[in-house]
Amino acid sequence: PTDEQHGIKATMRYLKAVYGRRPAREFGPLALKSIRERMIDAGLARTTINQHAGRIRRIFKWAASEQLLSIDVYHALTAVDGLRRGKSKARETAPVLPFGDATVEATSAHLRDVVADMVRLQRLTGMRPAEVCMIRPCDVDRSGDVWAYTPESHKTEHHGRSRAIFIGPQGQAVLLRYLARDHQAYCFRPIDSEAKRRAEAHRLRVTPLSCGTKRGDRRTRKRKRPAGDKYTVDSYRRAIQRAADKAGVERWSPNRLRHAAATEIQKRF
C-alpha cells in the first residue's frame, strides 16, 4: 500500500494539461521548466514542485526502460536541477514543528472515542499516521512487559529495513480494549465510530419511542461512502482537522504528533 499513486495522479494533471497531446519524444528540459512555472503560478510549494518534477523524470525513465522511448529523452530531463531555496519564485513551506499537548487535548474532546484513542496512541509511541491506522491484534507481540508492534507494511520496507514500534504501559492501556477481536481485523475502524455515534444519538433522543421515527428509519440504505473497516491517513487527518475547528484551535495534522513524541524523547534521553 502506498499513497504515491495520488502524487502520480496530481503530477499527471499538470503534464496532461500542457503537453497531453504532444509526442513524448518531443518532451524536453524546456517543457519540464514550463510545467514548473505553471506549478509556481498555481501556488505550489518549492518542495512539492521538486517532487512533481522527480515523478515526471521517473515516468520517462520507466518508458525508456520498456523501450517505448529513447533513453536520450530521459537523460535530457535529468539535466534540469531542482528548485533551490531562495533561487526561485516558488513559495517556501514552514517547518513542521511539535506543539503543545493542550492543543491535542482540546481537539480530542471533539473527536469520536476511536479517533481520540488513535491520537493518544500515536502521541505516546511516535508512530506514523499510516501505522496507527493499520494496526491489528496479530501485529502486536504482547509476550513481554513492553509490547512490540510490527506493521504489516511501512514506509521504508522497500529499502529492506525492518520496523518495530514499542508500546509501553500507557499505550497498552489505550490499545488493550481494541485487541479483543478477530486477530486479522483492524483495531481502529470507522464502522465502530459510526455505531457509537448512532447509539449516542439514540440515548439522547427526546421524542418517545412510540412517536416519530423509529431507530434506523432515516438511515440512507445505500450510502455513497459507507463507514469502512479501516481508517485511511486522509480520513484520519480530516477527522482531526474538523475537531480542531470545533475546538477553536489551529488546524494540525497527525504527523505533528510524531514530531512531538520525537522531540520529547530526544529531550529526555
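Residues numbered from 1 in each chain as written. Predicted model: local features only at pLDDT ≥ 70, side-chain atom pairs only at ≥ 80, totals over all residues. Heavy atoms only, no water.

### As for the environment of E4
Inspection of the secondary structure assignment puts E4 in helix α1 (residues 4-19). According to the relative accessible area criterion, E4 is partly exposed, its value standing at 26%. When the C-alpha atoms of E4 and R55 are compared, they prove to be 9.7 Å apart, with 51 residues separating the residues in sequence. Discounting residues that sit within four places of it in the chain, E4 has contacts with R55 and R58. (Helix = DSSP H or I, 4+ residues; strand = E, 2+ residues; numbered from the N terminus. Buried < 20%, exposed > 50% of the residue type's maximum accessible area, 1.4 Å probe, protein only. Contact = heavy atoms within 4.5 Å.)

### A closer look at the packing of aromatic side chains
All told, the structure shown has 3 aromatic pairs when counted by the stated rule. Residues Y19 and F27 carry aromatic rings whose centres are separated by 5.4 Å and whose planes lie at 90 degrees to one another, so their mutual orientation is edge-to-face. Exposure class is identical for Y19 and F27. Each is buried. Three or more aromatic residues joined by ring pairs make a cluster, and in this case those are Y19, F27 and F60. (Phe/Tyr/Trp six-rings, centres within 6.5 Å; stacked < 30°, edge-to-face > 60°.)

### A few points about the nonpolar core
Core analysis: the largest hydrophobic core is formed by 34 residues, its most contacted members being L121, L175, F188 and Y236. Looking at this core, the elements with two or more residues in it are α6 (113-125), α7 (129-133), β2 (147-149), β3 (165-167), α8 (169-175) and α10 (233-247). In terms of residue count, the dominant contributor to this core is α6 (6 residues). When neighbours within four sequence positions are excluded, L175 is seen to be in contact with L121, I135, V140, W147, I167, C187 and F188. Counting 21 residues, the second largest nonpolar core, distinct from the first, contains A53, A63, L77 and V80. (Core = buried A, V, L, I, M, F, W, Y, C linked by side-chain atoms within 4.5 Å.)

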